[in-house]
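Take a look at the letters that make up each chain.
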Amino acid sequence: MSALPKPTRKKKANHSRKKATNERRQMEIELEKLLSAHVIQRDRDVCNWCGKTYIRLFGAHVLPKGSNPRLRFEPFNIMALCYACHLGNRGWHKDPMRAREWFEGKYPGRYERLQIAASCAPKVDLPLLLTVWRDEVKGVLEK
Ligand SMILES: [Zn+2]
């Protein structure tokens, strides 16, 4: 008597969910890129913290995007910083208290407005935001 092959239990494939997650991720990446371009232009290609120009700049969040997901794509919650000022030793994330104090001095009222917005901003509508920001930033990226 030959042994029957063991029945293989098929793992339930959930490709559609995986695909949706991936699509969402792609939209988030594109939106962050568009918003960074917008914010860097708005901030006149100058690092907010050290004032350097002719340096590669990044869009840095004022209120962390992890704990404030509804402000992740809010341009007033993003500012242009160079790498050293964003993630380096003298950077924004090294001493949050000092960073906040500095920010409040530079942009009076903005930190508080962001905190209020963090609790009442509408849920992020990625496809809608992308449509808006693709139009808004098109000119910036073509330069
Ligand atoms: Zn800098």
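Owing to the predicted nature of the structure, the values given are computational and were not obtained by experimental measurement.

**Focus on helix 1 (residues 15–42)**
Move 1: The end-to-end C-alpha separation of helix 1 is 40 Å, in line with the 40 Å expected for 28 residues at 1.5 Å each.
Move 2: Here helix 1 has its buried residues at Leu-31, Leu-34, Leu-35, Ala-37, Val-39 and Ile-40.
Move 3: Directly after helix 1, the chain includes Arg-44, whose backbone phi takes a positive value near 60°.

**Things to note about the environment of Leu-130**
Move 1: Relative to the assigned elements, Leu-130 resides in helix 5 (residues 126–142).
Move 2: Residue classification places Leu-130 among the partly exposed residues on the basis of 17 C-beta atoms within 10 Å.
Move 3: Once the C-alpha coordinates of Leu-130 and Leu-31 are considered, the two residues, 99 residues apart in sequence, prove to be 6.0 Å apart.
Move 4: In contact with Leu-130, other than residues within four places in its own chain, are Met-27, Glu-30 and Leu-31.

What counts, and at which threshold
Residues numbered from 1 in each chain as written. Predicted model: local features only at pLDDT ≥ 70, side-chain atom pairs only at ≥ 80, totals over all residues. Helix = DSSP H or I, 4+ residues; strand = E, 2+ residues; numbered from the N terminus. Expected span 1.5 Å × (residues − 1). Buried ≥ 20, exposed ≤ 12 C-beta atoms within 10 Å, placed from the backbone. Contact = placed C-beta atoms within 7 Å.

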